[in-house]
Protein chains: 2
Amino acid sequence: MPQTSQRGDAMPESPIRKLVPLADKAKARGIKVYHLNIGQPDLKTPQIAIDAIRNIDRTVLEYSPSDGIKSLRTKLANYYHRFNIDVSEENIIITTGGSEAVNFAFMNCLDPGDEIIVPEPAYANYTAFAIAAGAVIKPIVSSIEDGFSLPAIEKFEELISPRTKGILICNPNNPTGYLYTREEMNNIRDLVKKYDLYLFSDEVYREFCYTEVPYISAFHLEGIDENIVLFDSVSKRYSECGLRIGALVTKNKAVLQNVMKFCQARLSPPLIGQIAAEASIDTPESYMLEMYNEYIERRKCLIDGLNHIPGIYSPIPMGAFYTVARLPVDDADKFCSWLLSDFDYHGETIMMAPASGFYTIPGLGKNEVRIAYVLNKKELKTSMAILQKALEVYPGRTIK
Amino acid sequence: MPQTSQRGDAMPESPIRKLVPLADKAKARGIKVYHLNIGQPDLKTPQIAIDAIRNIDRTVLEYSPSDGIKSLRTKLANYYHRFNIDVSEENIIITTGGSEAVNFAFMNCLDPGDEIIVPEPAYANYTAFAIAAGAVIKPIVSSIEDGFSLPAIEKFEELISPRTKGILICNPNNPTGYLYTREEMNNIRDLVKKYDLYLFSDEVYREFCYTEVPYISAFHLEGIDENIVLFDSVSKRYSECGLRIGALVTKNKAVLQNVMKFCQARLSPPLIGQIAAEASIDTPESYMLEMYNEYIERRKCLIDGLNHIPGIYSPIPMGAFYTVARLPVDDADKFCSWLLSDFDYHGETIMMAPASGFYTIPGLGKNEVRIAYVLNKKELKTSMAILQKALEVYPGRTIK
């Protein structure tokens, strides 16, 4: 049997994935599992998107342009203008989900051995796409004690080597929910400028900012226009993760040109998804506001609930729909497994994402979990009650 | 400005892509362009697929499983059984188009520097995905004189080095329309077995075989079950290229396991496409037969038309919906450009794919073009008339 590739073997399996069979077994035993582990919102997709699909009037479902349907790119540019992101449709390439934008950016900006600096905890799949490109992630740890704020810029600078090609940030942040401040963003900009780095900026949670201060897009930073590669997706903001429509946005012509060659190789992004995504951009303000208010309430419900449980601490996330909380347990991986395999409270349990999967440095996040508030308030309250009861009897509890 | 990656720079631009602006300009001058250059069938997508989309009853368009919706995988396994391909749903991973299947296979089977042997002319995007994986394509030239039959197996064996990891075939073939014989396939099998290679088998044109002898799937070959990685797609057979639904099929558990990690990194294949693809598998036999008969007639119309023009030669393709023809011209790249920029016949012209883009060896295919018979017979006849008139006045004509 021929050998698999080293890169395939090196690709890590997420700790969440290991929990899936346990969750399936729990369900098979008749136990209800509340999924706090995934970034799949429970909210309805806007009707305007569903209608666009139901009213499709094409007879041949043919390839679309490799960089996406032009009218979608134009509408997306107008959407960005609402956020003072000054880009045109020529700066936008439609990708198969935000994931493909990350993949194409890494493949076209990073050579094997090149390094990118990424604040941790971070979205686990960045590592996967870095491995695919043969690139190396140099993590810089943000800490729950500091509310996951950006580490001092000197810490970034210490990591810079001749192989450093970029910095990657996710703002608002998955998994921490942290929202970068103007000062933090300016510090990043100065470093990007000084060393002429790429700034990869994942901004898919743009609509989820729970503060008076608006989010700072990478494109709001001055003097680094050609260094920025922005990742976007319609998945989260319109609750349409299944469509697989994202975008890579950059003013760097050389990157655009090379990314286009990758786009052409995979022919085109999904047609029906693009049609629905284009319609979604006209989602009424009322839908967006209702969603926003819902997350505001869920956030309060979850964070208050968490901090109310003895031994748990969660900072208040200012964006996205996640928080990373510290639990009074020996090992969050074990605890999350135990919740599914050895525990239930009145026939119910919860599934959470162990934070270890969001760190590349082994041993970090050992007593932390990521919780997504993608369930309604009633379910969140029940989940917190289950978590409290579980911690009362979990054998590996650390704080008595 | 930071540097782009070497792999991005190395990615070739297809000669077809260079023609697109010329075609756009021709259209802007009011000239009608017949597209013989692309593999986008003009045939209607089966109604059953359109209906599945129009009747979608979901309220949340959520992620599907990373390896695809289980019912689709099960139905696809049953579909393969019709062709005596003995696989189960556990051997099938749904991909975003056949393109992603190629990409994932190369990323997981080939390390940088590894080699695969590919008969040329070949689908240009194999090269793109090989570059993405850092792998090297070792071409073995099939010739129009031999009707693009497989070169002698000794020629393959000569190319085998310690870095050889696999052989890639496309059967029925794009771009040549060649259909491999049992003997050729057995020779491939012996070599795969002898050197323990991967056999990457692109079988997306399975339904397009115009001979009494059925096509031989790689899975019909004995004793190499774990060496085979099959690529499939619903794009061509149901005229639904825009859905972006394909499959990677293998019985090799190590490959499946690693490919799944890549699948998880990109989260899921497109949801709506999967729903439509699943419905498509129930396309009535009458649709498939009508399509088949239509292509049989188009093939006759095109090949007779081509060979009727003085100086042109095309073998009779036994599968797919392409042929590679030899033209009496100095340089097919120039001729195809000239057709768009300097020629029209009663306000009409044709666009063809220069065959140079299907060879990795520079200089080959210089007087060959790929023609797709994805237009109706009337349009094909008109196209042949245009081609004949063009050759009469083209300054670079070689055979007077």
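Each remark here, short or long, concerns the structure printed above.
Residues numbered from 1 in each chain as written. Chains lettered and ligands numbered in written order. Predicted model: local features only at pLDDT ≥ 70, side-chain atom pairs only at ≥ 80, totals over all residues. Heavy atoms only, no water.

Asker: Please give an account of the pattern of salt bridges that cites residues and values.
Answerer: Residues and elements named next belong to chain A. Overall, the coordinates contain 36 salt bridges over all chains when judged by the stated rule. For Asp 225, the salt bridge goes to Lys 251, with nearest N and O atoms at 3.2 Å. Placement of Asp 225 in the loop between β6 (198–202) and β7 (228–233) and of Lys 251 in the loop between β8 (246–250) and α9 (253–265) is noted, with a sequence separation of 26 residues between them. Judged by its relative accessible area of 30%, Asp 225 falls in the partly exposed class. Linking Lys 389 and Glu 392 is a salt bridge whose minimum nitrogen-to-oxygen distance equals 3.9 Å. Of the two residues, Lys 389 and Glu 392 are both situated in helix α13 (residues 377–393); the distance of three residues between them amounts to about one turn of the helix. Each of Asp 42, Glu 294 and Arg 298 takes part in a single network of salt bridges with overlapping partners. (Salt bridge = Lys/Arg side-chain N within 4 Å of Asp/Glu carboxyl O. Helix = DSSP H or I, 4+ residues; strand = E, 2+ residues; numbered from the N terminus. Buried < 20%, exposed > 50% of the residue type's maximum accessible area, 1.4 Å probe, protein only.)

Asker: Lay out the sheet that holds strand β4 (residues 136–141) of chain B with the relevant residues and their values.
Answerer: All names here are of chain B. Read across the sheet, seven strands follow the order β2-β8-β7-β6-β5-β3-β4 without closing on themselves; strand pairing throughout is mixed. One side of each edge strand has no neighbouring strand; the edge strands of this open sheet are β2 (92–96) and β4. Ignoring strand direction, the axes of neighbouring strands in this sheet form an average angle of 25 degrees. In this structure, strand β6 (residues 198–202) lies alongside strand β7 (residues 228–233), joined through four bridges in parallel fashion. When the bridges of β7 are listed, Phe 200 appears paired with Val 229. (Pairing = 2+ DSSP bridges. Axes fitted to C-alpha atoms, helices over the stretch in contact; angles between N-to-C directions.)

Asker: If you had to explain empty space enclosed by the protein to someone new, which residues and values would you point to?
Answerer: Taken as a whole and assessed by the stated rule, the structure comprises eight cavities of 30 Å³ or more. In this structure, the largest cavity encloses a volume near 390 Å³. If you go around the largest cavity, you meet 27 residues; those closest to its centre are Glu100(A), Asn103(A), Glu100(B), Asn103(B) and Phe104(B). Taken together, the elements giving at least two residues each to the lining of the largest cavity come down to α5 (97–109), α6 (125–133) and α9 of chain A together with α5 (97–109), α6 (125–133) and α9 (253–265) of chain B. At five residues, the largest contribution of residues to the lining of the largest cavity is made by α5(B). Per-class residue counts for the lining of the largest cavity are 14 nonpolar, seven polar and six charged. (1 Å grid on protein atoms, 1.4 Å probe; cavity = no way out; pocket = protein on both sides within 12 Å on 5 of 7 lines; lining within 4 Å. Points joined across faces, edges and corners; volume = space filled by probe spheres on them. Nonpolar A, V, L, I, M, F, W, Y, C, P; charged D, E, K, R; others polar.)

Keep in mind these numbers describe shape, not what the thing actually does.
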